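Reading the structure
So the chains spell out like this:
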Amino acid sequence: MSDTPVSVTMERDGEIAIVIVNNPPVNALSWHVRQGLQDHFTAAIADESVKAIVLRCDGATFIAGADITEFGKAPQGPDFNSVLHMIEAAPKPVVAAIHGTALGGGLETALVCHYRVAVPSAKLGVPEVKLGLLPGAGGTQRLPRIVGVEMAAQMTSLGDPLSAKKALDAGLVDALAGEDSLAADAIAFAREAIAKGPRPSRERAVFGDVGAIEALKAANAKKWKGFEAPYANLACVEAATRLPFDEGMTFERTEFMKLMMGSQSAAQRHLFFAERQAAKIDGLPKDVQLRPVTKVGVIGAGTMGGGITMNFLQKGIPVTIVEMAEDALNRGVGVIRKNYEASAAKGRFTAEQVEKMMGILTPSLSLDDLADCDLIIEAVYENMDVKKDLFGKLDAIAKPGAILASNTSYLDVNEIASATKRPADVLGMHFFSPANVMKLLEVVRGDATAPDVLATAMAIGKTIGKVAVVAGVCHGFIGNRMLSQRQIPATQLLMEGALPDQVDQVHLDFGMPMGPFQMSDLAGLDIGWHRDPSRVETLRDAFCTAGRFGQKNGKGFYDYDEKRNRSVSAEANAIIEEFRSTSNLAKRDITTDEIIERTLYPMVNEGAKILAEGKAQRASDIDVVWIYGYGWPVYRGGPMFWANLEGLPKIVAALEKHGVEVAPLLREKAEKGERF
Ligand code: 3H9
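Residues numbered from 1 in each chain as written. Predicted model: local features only at pLDDT ≥ 70, side-chain atom pairs only at ≥ 80, totals over all residues. Heavy atoms only, no water.

**Remarks on the overall build of the protein chain**
- Counting secondary structure elements, the protein chain contains 28 helices and 19 strands.
- Projected onto its principal axes, the C-alpha positions of the protein chain cover 95 × 60 × 55 Å.
- Burial analysis of the protein chain (676 residues in total) assigns 54% to the buried set.
- Counting contacts in the protein chain only where the partners sit at least 6 residues apart, residues at least 24 apart contribute 72% of the total.
- By element, 54% of the accessible surface of the protein chain is carried by carbon and sulfur atoms, the whole surface being about 28,600 Å².
- With 73 positive and 84 negative side-chain charges, the protein chain shows a spacing of 1 Å between the two charge centroids. (Helix = DSSP H or I, 4+ residues; strand = E, 2+ residues; numbered from the N terminus. Buried < 20%, exposed > 50% of the residue type's maximum accessible area, 1.4 Å probe, protein only. Contact = heavy atoms within 4.5 Å. Areas by Shrake-Rupley, 256 points an atom, 1.4 Å probe, with all protein chains shown as cover. Lys, Arg positive; Asp, Glu negative; His and termini not counted. Charge placed at Lys NZ, Arg CZ, Asp CG, Glu CD.)

In structure tokens:
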């Protein structure tokens, strides 16, 4: 018996052959699918009694793309492009019947079919750019021939799918089928297409305005900074406008291989799997039942509490928001409304939706009103006594089975839980500011947190559109614990001769959205300041004593104008100079390499400690935290992935050179030639 999985079969309906792909979960184009397509199409083409062919899929979706797990491995099975050329060259009409998502190589397969029929709920797109790639099986050459240059440029460089309706309007889909009758409708369509005959896309002319490509580049310059793939996609679409089809295909192939072999796509593919892996919780029974969450309580109507609340309202989950004082409550609710109205003005919501969301928000001045909530998230002042007092009160109010979560960003969740008689129901849900925008949610698992509580918090994170990552209890959890290892040496570099904008620029060039000192200014330099101007023991004390508190008062490490644009500050630099002169440290030139080694390598080192202590389940979870919580550049795959690319021995050597104690796990991996 052959070892080849049977993932493609063929049926007959009179003169129509129906080729059916069945390769769960997403009908990816694994080698055996390509083999099956080749075998069955060869047979259907050769069979003279077959007058037209339908291609459809079983399961939840049409083909959702190439099998990403095969990338980077030795090729097996037939070459994808050869299979597609064979389908396109069929001397009888071929009809793709699309449901679910026709993505990437899946849409490229549909593009070589002569006709496309889709159910209204289907989505069609080429998301390769999100994996640092381009549609490398003719997508960039066939789309401009079917939907025109402008739409092809948009689809390939942005990667967002079209609805079936939009695809119909664009000519990408020829007819909509009934939601429940796709198989039969596609056969009927194929029967009618027999008279029309085949219609290969490659023979059609490219149409549309090539100027759209430059316009797209201009509109997305900021978003695409540092990324290679959007530009490579556009170069291929542009090539389609001036090269014959076969030459365009060669151009596409070259560009595809460049991306495939490069580090950016490796990083983006890593992130694709890392994000999905993060949802998996080690050591949890498979049959764990989630607790229902139909009503949420949020304590604190400040920036965090308000942002957290918005996540739930947008998903139609009612929230009771509690504040101590009426003016603070009114202010908080007012900000939520203002934010929604601003989004409505930009067309993100209708006025009716805004009212609906505000209609399921219940403002309250009493904790007692949280008695019927399934999940209560505390977002008050970051102080252990305040939090313990609050959790003690909640213990008396919350209904049995309610999940009690703290949005603390540093504090010991076990100690918070100890203030209740139900520590199994307590955990951390650490949102990142602005909480309605940032995608990361650190779910902090306390020593006593029950499995179903943890699983429910992770699931609710997904419901509200977050990427949730499990973290263990430690100071700052995964993200902030690593952040502090960046901030300390960054400040030390100022003492040795660097200036804030030099350090920040290295981080910006690396691809971070802001550097360490921009971040300090944003957070506020006076947070945690002792407020005694006569005590100037740290650089921060010197800044605060000089009345430089950061963005909030327009001066910190930088000067800020009324629009919060920063400029280098002579006064700030003079403070640094003066503080340095008192510390006996000689001023010297600091190189870009040293800034990287001293600010980013210690983060990797801390990541290794976090892993060894089991505070993160896996290295890729750390990458997810930094990408979605702190804007680590996607094309660098997160700090632990990046560390592998840098080379762990190189990192160990640099840490030693700079006098940093090397984490045993990092050293061990470097010595054994392993990777994170
Ligand atoms: C391409 O096509 C290149 C071509 O141009 C060819 C050039 C020559 N391969 O996301 P989910 C797994 S590049 C392998 O949780 P959902 C996924 O890891 C590709 N595996 O489900 C997960 O596994 P596990 C272009 C894949 O319902 C499971 O399937 N296509 C692939 O939320 C379920 O996934 C894309 O970029 C794959 N292609 O969303 C589409 N896709 O259960 C990528 C998924 O072990 N995929 N898996 O964790 C998606 O966007 C979503 O998965 C999809 C379903 C929307 C399809």
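**Re the domain arrangement of the protein chain**
- With domains assigned, the protein chain is organised as domain 1 (8-261), domain 2 (296-474), domain 3 (498-587) and domain 4 (595-672).
- For domain 2 versus domain 3, the separation of C-alpha centres amounts to 32 Å. (Domains from an automatic or database assignment.)

**Observations regarding the site of the ligand**
- Around the ligand, a shell composed of 24 residues is seen, among which Ala66, Glu108, Glu128, Arg276 and Lys280 lie nearest.
- Glu108 is positioned such that a nitrogen or oxygen atom in its side chain is 2.7 Å from an oxygen atom of the ligand.
- One nitrogen or oxygen atom from the side chain of Arg276 is found 2.6 Å from an oxygen atom belonging to the ligand.
- For the ligand, whose free accessible area comes to 1,000 Å², the fraction covered by protein is 70%.
- Of all the secondary structure elements, the ones that give two or more residues to the shell around the ligand are strand E5 (101-103), helix H3 (105-112) and helix H11 (263-278). (Near = heavy atom within 4 Å. Polar contact = N/O pair within 3.5 Å; in protein donor to acceptor, adjacent residues only side chain to side chain.)

**Here's the deal with the nonpolar core**
- Ranked by internal contacts, the top residues of the largest apolar core, which has 71 residues, are Ile478, Phe557, Ile622, Trp626, Trp632, Leu666 and Phe676.
- Top element by residues in this core is helix H25 (residues 619-630). It accounts for 8 residues.
- Sequence-distant contacts of Leu666, defined by excluding residues within four places in its chain, comprise Asn605, Ala608, Leu648, Ile651, Val652, Leu655 and Phe676.
- Core analysis: the next-biggest nonpolar cluster, separate from the first, contains 70 residues, Leu84, Ala96, Leu111 and Val117 among them. (Core = buried A, V, L, I, M, F, W, Y, C linked by side-chain atoms within 4.5 Å.)

**Brief notes about the sheet that holds E5**
- Here 3 strands make up an open sheet; going across it, the order is E5-E7-E8 and the pairing mixed. Looking along the sheet, the strands with just one partner apiece sit at the ends: E5 and strand E8 (162-163).
- Sheet topology places strand E7 (residues 123-125) next to E8; 2 bridges connect them, and they run antiparallel. Each bridged residue has a counterpart across the sheet, and for Leu124 the counterpart in E8 is Leu162.
- Sheet contacts for H3: E5 and E7; angle to E5, the most-contacted strand, approximately 90 degrees. (Pairing = 2+ DSSP bridges. Axes fitted to C-alpha atoms, helices over the stretch in contact; angles between N-to-C directions.)

**Brief notes about the pattern of salt bridges**
- Taken as a whole, this structure holds 46 salt bridges when the rule is applied.
- For the salt bridge of Arg331 with Asp327, the shortest nitrogen-to-oxygen distance reads 3.8 Å. Residue Arg331 and its partner Asp327 are both found in helix H13 (residues 326-345); the two are separated by 4 residues, about one turn of the helix.
- Across the salt bridge formed by Glu656 and Arg667, the nearest N and O atoms sit 2.8 Å from each other. Residue Glu656 is found in helix H27 (residues 648-657), and its partner Arg667 is found in helix H28 (residues 664-672); the two are separated by 11 residues along the sequence.
- For Arg667, a relative accessible area of 29% translates into the label partly exposed.
- Taken together, the shared-partner salt bridges connect Arg481, Glu606, Lys609 and Glu613 into one network. (Salt bridge = Lys/Arg side-chain N within 4 Å of Asp/Glu carboxyl O.)

**Here we look at helix H24 (residues 601-612)**
- The end-to-end C-alpha separation of H24 is 17 Å, in line with the 16 Å expected for 12 residues at 1.5 Å each.
- For H24, the tally of buried residues reaches 10 of 12 residues, placing the bulk of the element in the interior.
- Of the residues making up H24, those classed as buried are Tyr601, Pro602, Met603, Val604, Asn605, Glu606, Gly607, Ala608, Ile610 and Leu611.
- On the buried face of H24, the contacting elements are helix H18 (479-496), helix H23 (592-599), H25, helix H26 (639-646), H27 and H28.
- Just beyond H24, the residue with positive phi is Gly614, at close to 75 degrees. (Expected span 1.5 Å × (residues − 1).)

**Focus: the packing of aromatic side chains**
- Applying the stated criterion across every chain yields a total of 16 aromatic pairs.
- When the ring of Phe432 is compared with that of Tyr630, the centres are 5.4 Å apart and the planes differ by 75 degrees; the resulting orientation is edge-to-face. Here Phe432, found in the loop between strand E15 (426-431) and strand E16 (440-445), pairs with Tyr630, found in helix H25; they are 198 residues apart in sequence, far enough to count as distant. Here Phe432 matches Tyr630 in class, with each residue buried.
- Here the aromatic rings of Trp626 and Trp632 are separated by 6.4 Å at their centres, their planes lie at 85 degrees, and the arrangement is edge-to-face. (Phe/Tyr/Trp six-rings, centres within 6.5 Å; stacked < 30°, edge-to-face > 60°.)

**Observations regarding H28**
- For H28, every residue scored as buried is listed here: Leu666, Lys669 and Ala670. All buried residues of H28 project into a common sector of 100 degrees when viewed along the axis, lining one side. Summarising the geometry of H28, the exposed residues directed more than 90 degrees from the buried face are Pro664, Glu671 and Lys672.
- On its buried face, H28 sits against H24 and H27.
- Positive phi appears at Gly673, one or two residues downstream of H28, with a value of about 70 degrees. (Arc of directions from axis to C-beta.)

**Observations regarding the sheet that holds E15**
- What the 8 strands build is an open sheet, ordered E12-E11-E10-E13-E14-E15-E16-E17; its pairing is mixed. Either end of the sheet is taken by a strand with one partner, and the two such strands are strand E12 (361-364) and strand E17 (467-472). The mean inter-strand angle of the sheet, taken between neighbouring strand axes irrespective of direction, is 25 degrees.
- The pairing of strand E10 (residues 296-299) with strand E11 (residues 319-322) spans 4 bridges and is classified as parallel. When the bridges of E11 are listed, Gly297 appears paired with Thr320.

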